[in-house]
Amino acid sequence: MKSVVIYKSKTGFAKKYAEWLAEDLSADIFEVSTVNVSMLTEYDTVIYGGSLHAVGIIGVNFITNNADKLKDKKVIIFATGASPSTEQVAKEIITNNIPASLQRHIKFFYLRGGFVYDKLPLTDKVLMTLLKWKIQRKNKQKKALTRDEKGMLAAYDKPVDFTKKEYIADIVSYVNS
Ligand SMILES: Cc1cc2nc3c(=O)[nH]c(=O)nc-3n(C[C@H](O)[C@H](O)[C@H](O)COP(=O)(O)O)c2cc1C
């Protein structure tokens, strides 16, 4: 059984999980901009991973737009984000990124990434600065910040990395099942 891992990553977290998966599954690995769907005929399993941007998985259209060409394969999508891994987070990501008609065929996993403000491209820095101001405003208005908001504020000054290789275990078992 031959597997391929395709990823899109801005600061390295999705890439790190993609590399761990490729290593454990002895799979080929490609950055999404270097692949086209005709290159995937030889694979039984296609794994796509990208980071979350406002609940959207970057680059995921590569899979959802080509779903008809992947219907005879095992297809897995994973997302990395700064949010903690909960069932609710996973459900929201699935609803926002995988059309209902494909949800039975595509298996989804959420792998917690991290946050490195300094490595972001300029446009993302601007967006994230707006979010920072929003949280700071809430704080100044003496409204209680959630644990995630507090964590997010701290992460602007000090990068956070929640990745763990063990998080890929469920994907590896699913591929091998
Ligand atoms: C503009 C922007 C929006 C983001 N939106 C989310 C989000 O909705 N949920 C989340 O958990 N993380 C969000 N993040 C955090 C990234 O998903 C997180 O840092 C991820 O681990 C980055 O992975 P990468 O290095 O592979 O790109 C956002 C980051 C940026 C820059």
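Note that the coordinates shown come from a computational prediction; the quantities given were computed from them, not determined experimentally.

### Notes on the overall build of the chain
Then, in step 1: Within the chain one finds six helices and eight strands.
Then, in step 2: Tracing the chain from N to C terminus, the helices and strands come up as β-α-β-β-β-α-β-α-β-β-α-α-β-α.
Then, in step 3: In summary, the chain has a C-alpha radius of gyration of 17 Å against a globular reference of 16 Å for 177 residues, a match within 12%.
Then, in step 4: Its C-alpha atoms give the chain principal-axis dimensions of about 55 × 30 × 30 Å.
Then, in step 5: Expressed as a percentage of its 177 residues, the buried residues of the chain come to 27%.

### Things to note about the nonpolar core
Then, in step 1: Membership of the largest hydrophobic core comes to 33 residues, with the highest contact counts inside it found for V5, Y17, L21, I77, F78 and I171.
Then, in step 2: At the level of elements, β1 (3-8), α1 (13-25), β3 (45-53), β5 (74-81), β6 (106-112) and α6 (169-176) are the ones that each hand at least two residues to this core.
Then, in step 3: It is α1 that contributes the most residues to this core, seven residues altogether.

### Considerations on the site of the ligand
Then, in step 1: Inspection of the region around the ligand gives 23 residues, with S9, S51, G81, S83 and G113 positioned closest.
Then, in step 2: If you list the elements that add at least two residues to the shell around the ligand, you get α1, β3, β5, β7 (114-115) and α4 (122-140).
Then, in step 3: Considering only residue class, the shell around the ligand consists of ten nonpolar, ten polar and three charged.
Then, in step 4: Of the domains in this structure, domain 1 (3-116 + 160-176) and domain 2 (117-157) are the two that each give at least three residues to the shell around the ligand.

### Topic: the pairing of strand β2 (residues 28-31)
Then, in step 1: With four bridges joining them, β1 and β2 adopt parallel strand pairing. Bridge pairing in β2 links I6 to F30.

### Some remarks on the domain arrangement of the chain
Often, the extent of an interface is quoted as the loss of accessible area upon association of its parts.
Then, in step 1: In terms of domains, the chain is made up of domain 1 (3-116 + 160-176) and domain 2 (117-157).
Then, in step 2: A C-alpha centroid distance of 26 Å is found between domain 1 and domain 2.
Then, in step 3: Taken together, the contacts link seven residues of domain 1 with nine residues of domain 2.
Then, in step 4: Here the side of domain 1 that touches domain 2 is built from residues that sort into four nonpolar, two polar and one charged.

### A short note on unusual backbone geometry
Then, in step 1: In this structure, A54 takes a positive phi of about 50° despite not being glycine.
Then, in step 2: Tracing the backbone shows A54 in the loop between β3 and β4 (56-57).
Then, in step 3: Judged by local crowding, A54 falls into the exposed class, with 7 C-beta atoms found within 10 Å.
Then, in step 4: The phi torsion at V55 lies on the positive side, around 65°, for a residue other than glycine.
Then, in step 5: As for its position among the elements, V55 is in the loop between β3 and β4.
Then, in step 6: We classify V55 as partly exposed; it has 14 C-beta atoms within 10 Å.

### Section: the environment of H53
Then, in step 1: Here H53 shows up in strand β3.
Then, in step 2: In sequence terms H53 and I93 are 40 residues apart; their C-alpha atoms lie 10 Å from each other.

Cut-offs applied
Residues numbered from 1 in each chain as written. Predicted model: local features only at pLDDT ≥ 70, side-chain atom pairs only at ≥ 80, totals over all residues. Helix = DSSP H or I, 4+ residues; strand = E, 2+ residues; numbered from the N terminus. Rg over C-alpha atoms; globule rule 2.2 N^0.38 Å. Buried ≥ 20, exposed ≤ 12 C-beta atoms within 10 Å, placed from the backbone. Core = buried A, V, L, I, M, F, W, Y, C linked by C-beta atoms within 7 Å. Near = placed C-beta within 6 Å. Nonpolar A, V, L, I, M, F, W, Y, C, P; charged D, E, K, R; others polar. Domains from an automatic or database assignment. Pairing = 2+ DSSP bridges. Contact = placed C-beta atoms within 7 Å.

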